[in-house]
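Architecture and fold: a report
The residues making up each chain are set out below.
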Amino acid sequence: MDLLSNLALGFGVAFSLQNLAYCFAGVALGTLIGVLPGVGPLVTIAMLFPITFHLPAVPAIIMLAGIFYGAQYGGSTTSILVNLPGETASAVTCIDGYQMARRGRAGPALATAALASFFAGCVGTLLIALAGPTLGEWALKFGAAEYTSLMLMALVASAVMTQGDAVKGLAMVVLGLLVGVVGVDVNSGMARYSFGIPELVDGIGFTVVAVGLFAVAEIVANLESREPREVYTGPVTGLMPTARDIRDAAWPTVRGTAVGACFGVLPGTGPALSSFATYMLEKKLARDPSRFGRGAIEGVAAPEAANNAAAQTAFIPMLTLGIPASATMAVMLAALTLQGIATGPQVMLEKPDLFWGLIASMWIGNCLLVVLNLPLVGIWVKLLTVPYRWLFPSIILFCCIGNYSVSNNPFDVYLCAVIGVLGYVLVKLECEPAPLLLGYVLGPLLEENLRRALLIARGDPTVFFTRPLSLVFMIATVLILVVMIAPAARGMRRGT
Amino acid sequence: MKPDLWNNRDVLAGLLFIVLGGLAAILARDYPFGTTMRMGPGYFPTALGVILLLFGVYVLARGVRSGDRVKGEWGWKPLALITVSIVLFGFLLDRAGLIPATIATLFVAAAAGREFRWKEVVLLAVVMTAFSVAVFSWGLKLPYPLLGGYY
């Protein structure tokens with residue numbers, strides 16, 4: 001069995017003492033930061049991203065992945081104990097999770113979330129191991145034209161599927177592509193949009209954009225809002241769910257995993273939409289829908305399973321095609337690129353230790369999360385009571401140090417402040433920053449493939465429609481745009 | 001322009017896109033455009049700038065029709081203070097060292113919050129400074145001077 005020997009290789013890599021330690025460190029740090037109210041997974045990764053800079057490629061990506069699902073997990077703890085949807089992915093868990101906590105069932109709610117996430121994480125990891133090689137082999141046949149239309153599809157989908165305004169989303173993608181243009185043009189060696197500033201010739205650093213757009217802008221937006229937070233401060237007792245809880249939560253977990261795994265692969269949908277969709281599904285299937293919103297355990301298990309499964313399967317397009325499906329995956333892609341790894345289908349062939357090591361480490365990380373979280377839940381609860389007025393100056397400080405450490409140049413710190421201002425203005429004008437980040441990451445790749453495709457086709461733009469695979473992606477892109485214009489779909493998006 | 005247009009969400013977003021897209025397209029005129037077959041460095045950014053500008057016109061027109069306003073107040077004060085705190089960090093690290101930069105950033109950033117309690121902020125500054133020196137200078141061995149600049 002190919003799969004088994006590959007997995008054996010992966011576990012061999014992941015079980016080395018060094019990688020195990022980085023996996024643990026990533027998961028622990030991710031949970032620690034992610035559990036803090038108002039700090040979502042994306043901010044956590046953007047903030048901790050520079051730490052992994054000085055590591056070799058395999059431990060760096062293992063640690064980043066650990067930070068990612070640790071933060072995701074920490075976010076669900078927050079949404080159960082704090083009546084505040086800190087991040088969109090666990091906003092749905094908040095509805096029934098907090099109600100369970102208020103009824104003195106915080107323990108079972110947390111345990112259910114942990115176990116549902118663990119189950120979904122394992123299935124998601126297995127799916128990556130199964131689908132990755134097949135998809136990667138298929139993708140090896142892609143030429144420049146296929147890549148161009150695939151990226152176009154991913155960008156359009158990410159703009160249209162994220163919550164909020166589709167047209168603004170598309171505009172944000174274009175803006176992101178323009179930010180990606182800054183710096184030296186690979187083909188001609190000409191510096192574009194550098195305004196004579198030597199630091200800009202190298203382009204705008206990834207950390208600068210991610211931290212400015214997400215951490216800085218979000219903190220300012222949080223500071224201005226005046227909603228009081230409601231924190232559950234009662235003791236968490238009786239962690240174990242009852243037999244009835246387990247029976248009630250089992251099928252919703254499986255269904256949530258299935259929904260999440262499908263949504264995770266699609267660009268732009270990600271954990272947020274999948275947890276919402278599965279919550280609606282459970283509510284439809286339930287014998288007594290009125291229990292939802294008043295502490296139904298299905299309302300915790302299903303969305304938690306869905307957002308974790310989606311978080312795992314989102315790695316599939318990123319690892320096999322080199323195309324990120326969400327802003328968090330864009331961070332991962334940037335990390336790989338900065339490590340000097342050419343992303344795309346060749347990663348699996350050239351760096352099997354990286355690919356399979358990462359998969360094995362995901363499974364180990366998911367185990368660690370359950371082990372780490374259930375017994376230590378008391379500590380996480382304490383962290384929730386840390387007031388925001390202590391947190392945000394510290395986050396700003398870490399963002400500054402992180403940005404500075406990337407290039408040891410204060411220019412990056414200044415630029416981050418500028419992007420933070422832009423990010424805040426965009427948030428106020430209800431323009432989603434996630435498509436911008438995706439556009440920024442994919443921009444150079446898109447331009448390169450577009451130019452190459454047209455050069456090969458002697459300037460004939462119909463090449464994108466005459467090559468069959470490229471045509472499929474183009475049709476999908478048009479379909480996505482049509483769905484966006486259809487009023488029914490617009491109503492659905494507004495509902496999320 | 002009528003005064004309420006200045007608080008119109010989509011009009012402002014549209015204007016922003018128009019200005020940025022227009023600027024991008026104008027600046028890209030300095031770069032060789034090339035042909036569709038052999039694109040110069042100016043081709044891609046020019047196209048993007050024009051597309052962004054068109055999106056901006058659409059969003060602006062829609063804003064004039066719908067009249068949706070920006071939700072909530074603009075938080076200029078926190079925005080300014082946070083921005084200053086970040087800039088201060090970059091400015092002080094080279095010139096005065098990690099410890100002064102950390103303290104300055106924490107104080108200015110904390111002032112952006114709704115409450116500023118002196119005792120707490122002093123305590124926070126002490127703890128966080130010790131933490132960043134321990135983690136970044138000793139732990140991760142980042143080569144920054146603790147006190148005093150490079151020069």
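These numbers come from a predicted model, not from an experiment.

1. What to know about the domain arrangement of chain B
According to the domain assignment, chain B contains domain 1 (3–66) and domain 2 (76–139). Put simply, the middle of domain 1 of chain B and the middle of domain 2 of chain B, counted by C-alpha atoms, are 37 Å apart.

2. With respect to the confidence of the model for chain A
All names here are of chain A. Across chain A, pLDDT averages 81, with 91% of residues at or above 70. For chain A, helix 24 (residues 487–495) is the element with the lowest average pLDDT, namely 46, and helix 20 (residues 410–428) is the one with the highest, namely 91. Scored below 50 in pLDDT, residues 488–496 makes 13 contacts in the model with residues more than four places away or belonging to other chains.

3. Comments concerning the pattern of salt bridges
Residues and elements named next belong to chain A. Taken as a whole and judged by the stated rule, the model has 15 salt bridges over all chains. As a salt-bridge pair, R192 and E447 come within 2.9 Å of each other at their nearest N and O atoms. Of the two residues, R192 sits in strand 2 (residues 191–192) while E447 sits in helix 21 (residues 433–456), which places them 255 residues apart along the sequence. Here R192 and E447 have matching classes, each one buried.

4. What about the packing of helix 19 (residues 388–407) of chain A against helix 3 (residues 76–96) of chain B?
Interaxial distance between helix 19 of chain A and helix 3 of chain B falls to 10 Å at its minimum, and their mutual angle equals 45°. Classed by the angle they form, the pair helix 19 of chain A and helix 3 of chain B counts as oblique. Judged by the twist between their axes, the crossing of helix 19 of chain A over helix 3 of chain B is right-handed. Contact residues: A:F392, A:I396, A:L397, A:C400, A:I401 and A:Y404 in helix 19 of chain A; B:I82, B:S85, B:I86, B:F89, B:L93 and B:D94 in helix 3 of chain B. Among the residues forming the contact of helix 19 of chain A with helix 3 of chain B, the class breakdown is 10 nonpolar, 1 polar and 1 charged.

5. Comments concerning a nonpolar patch on the surface
All names here are of chain B. A surface patch of nonpolar side chains, amounting to about 520 Å² of accessible area, comprises W118, V122, L123, V126 and V127. Position of L123 relative to the elements: it lies in helix 5 (residues 118–139). Residue classification places L123 among the exposed positions, given a relative accessible area of 58%.

6. Some words on the interface of chain B and chain A
Across the boundary between the two partners, chain B contributes 68 residues, which contact 62 residues of chain A. Counting the surface lost from both chain B and chain A, the interface buries some 5,800 Å², and carbon and sulfur atoms represent 77% of this. Its largest share of buried area at the contact with chain A, chain B owes to B:M37, B:F44 and B:I86, together 12% of the area lost on that side. The interface formed by chain B and chain A holds 4 salt bridges in total. Residues A:K168 and B:D10 are paired through a salt bridge, measuring 2.8 Å at the closest nitrogen-oxygen approach. Linking chain B with chain A are 12 residue pairs in polar contact (both at pLDDT 80 or more). Elements with a minimum of two residues in the side of chain B that touches chain A: helix 1 (9–27), helix 2 (43–66), helix 3, helix 4 (98–110) and helix 5 of chain B. The element best represented in the side of chain B that touches chain A is helix 3 of chain B, accounting for 13 residues. Tallied by class, the residues present in the side of chain B that touches chain A amount to 43 nonpolar, 12 polar and 13 charged.

7. Description of unusual backbone geometry
Residue and element names in this part refer to chain A. Unusually for a residue other than glycine, Y193 sits at a positive phi of about 50°. Mapped onto the elements, Y193 comes out in the loop between strand 2 and helix 9 (198–201). Judged by relative accessible area, which is 6%, Y193 ranks as buried. You will see that E430, though not glycine, has its phi angle at about 55°, which is positive. Relative to the helices and strands, E430 resides in the loop between helix 20 and helix 21. Given a relative accessible area of 30%, E430 falls into the partly exposed group.

8. Observations regarding the packing of helix 10 (residues 206–224) of chain A against helix 21 of chain A
Residues and elements named next belong to chain A. At a minimum axis distance of 10 Å, the contact between helix 10 and helix 21 shows a crossing angle of 175°. It follows from the interaxial angle that helix 10 and helix 21 lie roughly antiparallel. Facing helix 10, whose interface residues are F206, V209, A210, L213 and F214, helix 21 presents P433, A434, L436, L437, Y440 and V441. Of the residues belonging to the contact of helix 10 with helix 21, the class tally is 11 nonpolar, no polar and no charged.

9. So, the environment of A:A159
Residue and element names in this part refer to chain A. Residue position: A159 is located in helix 7 (residues 144–161). Taking the C-alpha atoms as reference points, A159 and A258, 99 residues apart in sequence, are found 24 Å from one another. With near-sequence residues (within four places) excluded, A159 lies in contact with A166, G169, L170, V173 and P435.

10. Observations regarding the nonpolar core
Membership of the largest hydrophobic core comes to 181 residues, with the highest contact counts inside it found for A:I204, A:F206, A:F315, A:M332, A:L437, B:I82 and B:F89. Broken down by element, this core gets its largest block of residues, 13 residues, from helix 10 of chain A. Here this core spans two domains, since at least three of its residues come from each of domain 1 (3–66) and domain 2 (76–139) of chain B. In this structure B:I82 touches A:V216, A:I219, A:V220, A:L223, A:F392, A:I396, B:A109 and B:A112, once residues within four positions along its chain are discounted.

So, how was this worked out
- Residues numbered from 1 in each chain as written.
- Chains lettered and ligands numbered in written order.
- Predicted model: local features only at pLDDT ≥ 70, side-chain atom pairs only at ≥ 80, totals over all residues.
- Heavy atoms only, no water.
- Domains from an automatic or database assignment.
- pLDDT = per-residue confidence, 0-100.
- Helix = DSSP H or I, 4+ residues; strand = E, 2+ residues; numbered from the N terminus.
- Contact = heavy atoms within 4.5 Å.
- Salt bridge = Lys/Arg side-chain N within 4 Å of Asp/Glu carboxyl O.
- Buried < 20%, exposed > 50% of the residue type's maximum accessible area, 1.4 Å probe, protein only.
- Axes fitted to C-alpha atoms, helices over the stretch in contact; angles between N-to-C directions.
- Parallel < 35°, antiparallel > 145°, perpendicular 65-115°, else oblique.
- Left-handed = near helix turned anticlockwise from the far one by under 90°.
- Nonpolar A, V, L, I, M, F, W, Y, C, P; charged D, E, K, R; others polar.
- Patch = residues over 30% accessible without salt bridge, like charges linked within 9 Å, V, L, I, M, F, W, Y side chains within 5 Å.
- Areas by Shrake-Rupley, 256 points an atom, 1.4 Å probe, with all protein chains shown as cover.
- Buried area = accessible area lost by both parts, 1.4 Å probe.
- Polar contact = N/O pair within 3.5 Å; in protein donor to acceptor, adjacent residues only side chain to side chain.
- Core = buried A, V, L, I, M, F, W, Y, C linked by side-chain atoms within 4.5 Å.

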